[in-house]
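# A look at the structure
Listed below, chain by chain, are the residues.
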Amino acid sequence: TQLLEQSPQFLSIQEGENLTVYCNSSSVFSSLQWYRQEPGEGPVLLVTVVTGGEVKKLKRLTFQFGDARKDSSLHITAAQPGDTGLYLCAGDETGAGSYQLTFGKGTKLSVIP
Amino acid sequence: GAGVSQSPSNKVTEKGKDVELRCDPISGHTALYWYRQSLGQGLEFLIYFQGNSAPDKSGLPSDRFSAERTGGSVSTLTIQRTQQEDSAVYLCASRRQGSSTDTQYFGPGTRLTVL
């Protein structure tokens, strides 16, 4: 089973600060997804990255897929209390036609007003 | 409904009892997944249904766990003779198709507590 290691596990920051969350593996993934999960709800997809070196931006969130497609990062600029939640990365194990995702344990982010 | 729904939202049961968890996927989605999320852990894949194909049961942790999907729509996850280690949030997700390019939409989950 391929593993995804996320760090940090917990992160508590003040509103307005920047932060980066990491997702690392020794395995190569054909694509990687980032989700945000709020208490009592299921994860919601934020972005999918598929190309090594790819960078995607969603407002204040920047996602990067490593050149070797083994790692990814999520950077949040000027964090807001609404960014609070559990951030999960998930890798597509076997490429085109795959149907299973391997999830990391998540990073629990708290943004203090 | 517009999204994936699950019922019940919370279930408390006694050790040794059987429980059934229900998932209503988004209409027209052919792929359906069950995951388990334990405290401090990521999502653990349990089982996958795709259309009329035989389900992928490779993630089921023991033979006490089973799932079925009737008419290609509603799915039920059954846990027999529940144990305390079965306590977790059980999440269901559906996809339009089984391709990795399709988004997985998750339901809100069922929180199972085994006393």
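Scroll up to find the structure.
The paragraphs below set out a description of the structure included in this document. (Residues numbered from 1 in each chain as written. Chains lettered and ligands numbered in written order. Predicted model: local features only at pLDDT ≥ 70, side-chain atom pairs only at ≥ 80, totals over all residues. Heavy atoms only, no water.)

Two orientations exist for strands paired in a sheet by backbone hydrogen bonds: parallel and antiparallel. Residues and elements named next belong to chain A. Read across the open sheet, the five strands follow the order β1-β3-β8-β7-β6; overall the sheet is antiparallel. Edge positions in the open sheet fall to β1 (5-7) and β6 (55-58), since each of these has one partner strand only. Strand-to-strand twist across the sheet, computed as the mean angle between neighbouring axes with direction ignored, equals 15°. In this sheet, strand β7 (residues 61-65) lies alongside β6 in antiparallel orientation, the contact comprising four bridges. When the sheet's bridge partners are listed, valine 55 is paired in β7 with glutamine 64. (Pairing = 2+ DSSP bridges. Helix = DSSP H or I, 4+ residues; strand = E, 2+ residues; numbered from the N terminus. Axes fitted to C-alpha atoms, helices over the stretch in contact; angles between N-to-C directions.)

A few words on the pairing of strand β4 (residues 31-37) of chain B. Residues and elements named next belong to chain B. Counting buried positions over the seven residues of β4 gives seven, a clear majority of the element. In this structure, β4 lies alongside strand β5 (residues 43-50), joined through seven bridges in antiparallel fashion. The partner of tryptophan 34 across the bridge, within β5, is isoleucine 47. If you look at the hairpin formed by β4 and β5, you'll find five residues sitting between the two strands, and glycine 40 has a positive phi there, around 80°. As paired strands, β4 and strand β8 (residues 88-95) are joined by seven bridges and run antiparallel to one another. (Buried < 20%, exposed > 50% of the residue type's maximum accessible area, 1.4 Å probe, protein only.)

Functional significance is not addressed by these values, which are geometric in nature.
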